[in-house]
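Listed below, chain by chain, are the residues.
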Amino acid sequence: MDTVAPEPLSTDLFLCIDHVGLAVPDLDEAIRFHTEVFGWRLLHRETNHDQGVEEAMLGTGSQAPESAQIQLLAPLREDSAIGRFLTRNGPGMQQLCYRVADLDHVSTVLRERGVRLLYDEPKRGTGGARINFVHPKDAGGVLLELTEPAH
């Protein structure tokens, strides 16, 4: 009996892993540690008042920012998502981020497949990107960020 591979659900939804987000209590100290000890390069730093976070994107490799990236996230207030994460868990990996070409399309497909997203409409993320998050209960306990970079 021949086995037939199932048809793919659709074309690829995700372009790549964009970054890993790390919650930190002190952004300056985390930047210093990651640049001086691990050799990462500071690519971008900003404050996002809507999200209640101060953040920095760090890259490594000769092709940064196209190479590996991490995002350091420090809370602006204790009641922000990062503030609550640090209170519950302490510093560490807070989210994994997938890059997408069309966030609206990906959001529609995921919702059709029964996946819950945290926001009804995308929010503004790092560098003006459009972002949303997959609920951790629908992603094996991992908070997945979806990002469509600004053009």
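Residues numbered from 1 in each chain as written. Predicted model: local features only at pLDDT ≥ 70, side-chain atom pairs only at ≥ 80, totals over all residues. Heavy atoms only, no water.

Participant: I'd like a rundown of the overall build of the protein, residues and numbers included.
Facilitator: On a plain count of helices and strands, the protein comes out with 3 helices and 8 strands. Along the chain direction, N to C, the helices and strands of the protein fall in the order β-α-β-β-β-α-β-α-β-β-β. Each of the 151 residues in the protein was classed as buried or not, and the buried ones make up 40%. Accessible area for the protein stands at about 9,000 Å²; split by element, carbon and sulfur atoms hold 53% of it. (Helix = DSSP H or I, 4+ residues; strand = E, 2+ residues; numbered from the N terminus. Buried < 20%, exposed > 50% of the residue type's maximum accessible area, 1.4 Å probe, protein only. Areas by Shrake-Rupley, 256 points an atom, 1.4 Å probe, with all protein chains shown as cover.)

Participant: Outline the side chain of His 34, supporting the account with residue identities and numerical values.
Facilitator: Among the secondary structure elements, His 34 is positioned in helix α1 (residues 27-36). The exposure class assigned to His 34 is buried, which follows from its relative accessible area of 11%. Only 2.9 Å separates the side chain of His 34 from the backbone oxygen of Ala 30, close enough to count as a polar contact. Not counting chain neighbours up to four residues away, the residues in contact with His 34 comprise Leu 22, Gly 39, Trp 40, Leu 58, Ile 70 and Leu 72. (Polar contact = N/O pair within 3.5 Å; in protein donor to acceptor, adjacent residues only side chain to side chain. Contact = heavy atoms within 4.5 Å.)

Participant: Explain the pattern of salt bridges to me, and be specific about the residues and the numbers.
Facilitator: Side chains carrying opposite charge are able to pair once their charged atoms draw close together. Scanning the entire structure with this criterion turns up 10 salt bridges. A salt bridge links Asp 28 to Arg 45; the shortest N-O distance between them is 2.8 Å. Of this pair, Asp 28 sits in helix α1 while Arg 45 sits in strand β2 (residues 41-48), placing them 17 residues apart in sequence. Between Arg 124 and Glu 46 there is a salt bridge, with the nearest N and O atoms lying 3.1 Å from each other. (Salt bridge = Lys/Arg side-chain N within 4 Å of Asp/Glu carboxyl O.)

Participant: Any chance you could break down the sheet that holds strand β5 (residues 92-99) for me, citing the residues and the numbers?
Facilitator: With mixed pairing, the 8 strands of this open sheet are ordered in space as β2-β3-β4-β1-β5-β8-β7-β6. Of all strands in the sheet, those bounded by a partner on one side alone are β2 and β6 (123-124). Strand direction decides the pairing type here: β5 and strand β8 (residues 144-148), joined by 4 bridges, are parallel. Residue Tyr 98 lies in a different strand from β8, and its bridge partner there is Leu 146. Helix α3 (residues 103-112) rests against β7 (130-134) and β8 of the sheet, and its axis sits at about 15° to β7. (Pairing = 2+ DSSP bridges. Axes fitted to C-alpha atoms, helices over the stretch in contact; angles between N-to-C directions.)

Participant: Lay out the packing of aromatic side chains in plain terms, naming residues and giving numbers.
Facilitator: The full count for this structure, using the stated rule, is 3 aromatic pairs. Note that Lys 123 overlies the ring of Tyr 119, its terminal NZ or CZ placed 4.8 Å from the centroid. (Phe/Tyr/Trp six-rings, centres within 6.5 Å; stacked < 30°, edge-to-face > 60°. Lys NZ or Arg CZ within 6 Å of the ring centre and 35° of its normal.)

Participant: I'd love a proper account of the environment of Leu 103, names of residues and values included.
Facilitator: Following the sequence through the fold, Leu 103 ends up in helix α3. The class of Leu 103 is buried, set by a relative accessible area of 0%. Counting along the chain gives 27 residues from Leu 103 to Arg 130, while the straight-line C-alpha distance between them is 7.3 Å. Not counting residues within four places of it along the chain, the set of residues in contact with Leu 103 comprises Pro 122, Arg 130, Ile 131, Asn 132, Leu 146 and Glu 148.

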